[in-house]
Amino acid sequence: MSDTPRPDSAMLDRIRIVLIGTSHPGNIGGAARAMRNMGLDDLALVAPRCDPKDREAYSRASGANALVDAARVHDQLEAAVADCTLVVGASARSRHLPWPMVSPRALAENLPQALAPDGARLALVFGREDTGLTNAELQRCHQHVHIPTNPDFSSLNLAAAVQVLAYECRQAWLTASDSAADDDAAQPFGVAWDNPPASHADMERFFAHLERTLTTLAFHDPDNPRQLMARLRRLFLRAHLDSMEMNILRGILGTMDKRLRDTAPSPRRDGE
Ligand code: SAH
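Quick notes on the rules
- Residues numbered from 1 in each chain as written.
- Predicted model: local features only at pLDDT ≥ 70, side-chain atom pairs only at ≥ 80, totals over all residues.
- Heavy atoms only, no water.
- Axes fitted to C-alpha atoms, helices over the stretch in contact; angles between N-to-C directions.
- Helix = DSSP H or I, 4+ residues; strand = E, 2+ residues; numbered from the N terminus.
- Parallel < 35°, antiparallel > 145°, perpendicular 65-115°, else oblique.
- Left-handed = near helix turned anticlockwise from the far one by under 90°.
- Contact = heavy atoms within 4.5 Å.
- Nonpolar A, V, L, I, M, F, W, Y, C, P; charged D, E, K, R; others polar.
- Salt bridge = Lys/Arg side-chain N within 4 Å of Asp/Glu carboxyl O.
- Buried < 20%, exposed > 50% of the residue type's maximum accessible area, 1.4 Å probe, protein only.
- Pairing = 2+ DSSP bridges.
- Domains from an automatic or database assignment.
- Buried area = accessible area lost by both parts, 1.4 Å probe.
- Polar contact = N/O pair within 3.5 Å; in protein donor to acceptor, adjacent residues only side chain to side chain.

Chemist: Would you mind showing me how to read the packing of helix H1 (residues 25-37) against helix H7 (residues 158-178) here?
Modeler: Packed helices, taken two at a time, are described by their axes: the angle between them and the distance between them. The N-to-C vectors of H1 and H7 enclose an angle of 15 degrees; their axes lie 8 Å apart at closest approach. On the basis of the axis angle, H1 is roughly parallel to H7. In this structure, H1 crosses over H7, and the sense of that crossing is right-handed. Side by side, H1 and H7 meet where Asn-27, Gly-30, Ala-31, Ala-34, Met-35 and Asn-37 of the first sit next to Leu-158, Ala-159, Val-162, Gln-163, Ala-166 and Arg-170 of the second. Across the contact of H1 with H7, the residue classes tally to seven nonpolar, four polar and one charged.

Chemist: For this particular structure, what's the right way to read the pattern of salt bridges?
Modeler: Between side chains of opposite charge, a pair can form when the charged atoms approach closely. What the rule picks out here adds up to 13 salt bridges. Between Asp-42 and Arg-72 there is a salt bridge, with its nearest N and O atoms 2.4 Å apart. Of this pair, Asp-42 sits in strand E2 (residues 42-46) while Arg-72 sits in strand E3 (residues 72-74); the two residues are 30 residues apart in sequence, bridging distant segments of the chain. With a relative accessible area of 10%, Asp-42 lands in the buried category.

Chemist: Please explain the sheet that holds E3 as it appears in this structure.
Modeler: Whether parallel or antiparallel, the strands of a sheet pair through hydrogen bonds between backbone atoms. The seven strands lie next to each other as E3-E2-E1-E6-E4-E7-E5, forming an open sheet whose pairing is parallel. Only two strands of the sheet have a single partner each, and these edge strands are E3 and strand E5 (101-102). Bridge count for strand E1 (residues 15-20) against E2 is five bridges, and the pairing is parallel. Across the sheet, Val-18 pairs through a bridge with Ala-44, a residue of E2. Along the sheet, H1 contacts E1 and E2; its crossing angle with E2, the most-contacted strand, is approximately 160 degrees.

Chemist: Looking at this model, I keep getting lost on the packing of helix H8 (residues 200-216) against helix H9 (residues 228-238). Mind explaining?
Modeler: Direction vectors running N to C along H8 and H9 enclose 135 degrees, while the axes themselves pass 11 Å from each other. The orientation of H8 relative to H9 falls into the category oblique. Both H8 and H9 take part in a crossing whose hand is right-handed. When H8 is examined against H9, the residues Met-203, Glu-204, Phe-206, Phe-207, Leu-210, Glu-211 and Leu-214 are found in contact with a partner set consisting of Leu-228, Met-229, Leu-232, Arg-233, Phe-236 and Leu-237. Split by residue class, the contact of H8 with H9 holds 10 nonpolar, no polar and three charged.

Chemist: How should the domain arrangement of the chain be read in this particular structure?
Modeler: Frequently, the measure chosen for interface size is the accessible area removed from exposure when the parts meet. What the domain assignment reports for the chain is domain 1 (10-189) and domain 2 (194-261). Here domain 1 and domain 2 have C-alpha centroids that lie 27 Å from each other. Opposite the 21 residues of domain 1 that make contact, domain 2 presents 15 residues. For domain 1, the biggest contributors to the area lost against domain 2 are Leu-97, Arg-140 and His-142; these three give 32% of the whole. The tally of links between domain 1 and domain 2 comes to one salt bridge. Between Glu-204 and Arg-140 there is a salt bridge, and its shortest N-O distance comes to 3.7 Å. Counting the contacts that link domain 1 with domain 2 gives six residue pairs in polar contact (both at pLDDT 80 or more).

Given below as structure tokens:
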């Protein structure tokens, strides 16, 4: 650590590794070791399908037992990433609905900027050993990252995938720390932004509100949803909304709700 705090000095502390439904405790230990090697220490487990404190976890963690002990366990992905402003899902294969895709290097090179604002936090989300991430989980991510592997044998061991992405994050951090302090380079969108980024929890509340309002409007039919909400998720996640923009959108939805209530025929009038 240098004596003079730099805008990006906390970059690695703002990266959370999230493992969903892990079935082999050795992979939790292996991921913890990979993280500690690269200077990451925020590990979250979502509905693990094994005992994270199994002997095999500690054996593979080697000296990174503290990360295994400190790992927070959640029932749902939502809770593990609620405070994150950038959520990226690691996926071994492409999915039906194309989603913004980044390479590990491009993802990492963007981090000194993306993680510069106060409160910014990244979640790197990894899937199950047997089935990866579900479509619903992937649709909660701003972006997907694919480690460019042999297309005929594309799926890495879970801890190995964590290692590759943690390595890229560390290299990007080292490069940013080495380069001369450049205020502009440490700002998202290349300038000092006026509002902090919206968190995952803000985004999920917005999507729930949007779906309710669109349903009331009869634009959206939950019984025949097609891919409307997935496409709207993709659109709004791509925009990387800040908290003021989020408030404006919630305000617009709230005003629409009120108008819909005001103009809806009341049951009493119906009967008159
Ligand atoms: N059989 C699963 C892959 C499981 S590997 C499937 O078909 O999806 C466990 C996890 O490691 C994946 O969910 C993903 O998060 C990560 N992973 C493995 N290989 C990867 C790759 N090439 N790129 C990005 N993530 C990868």
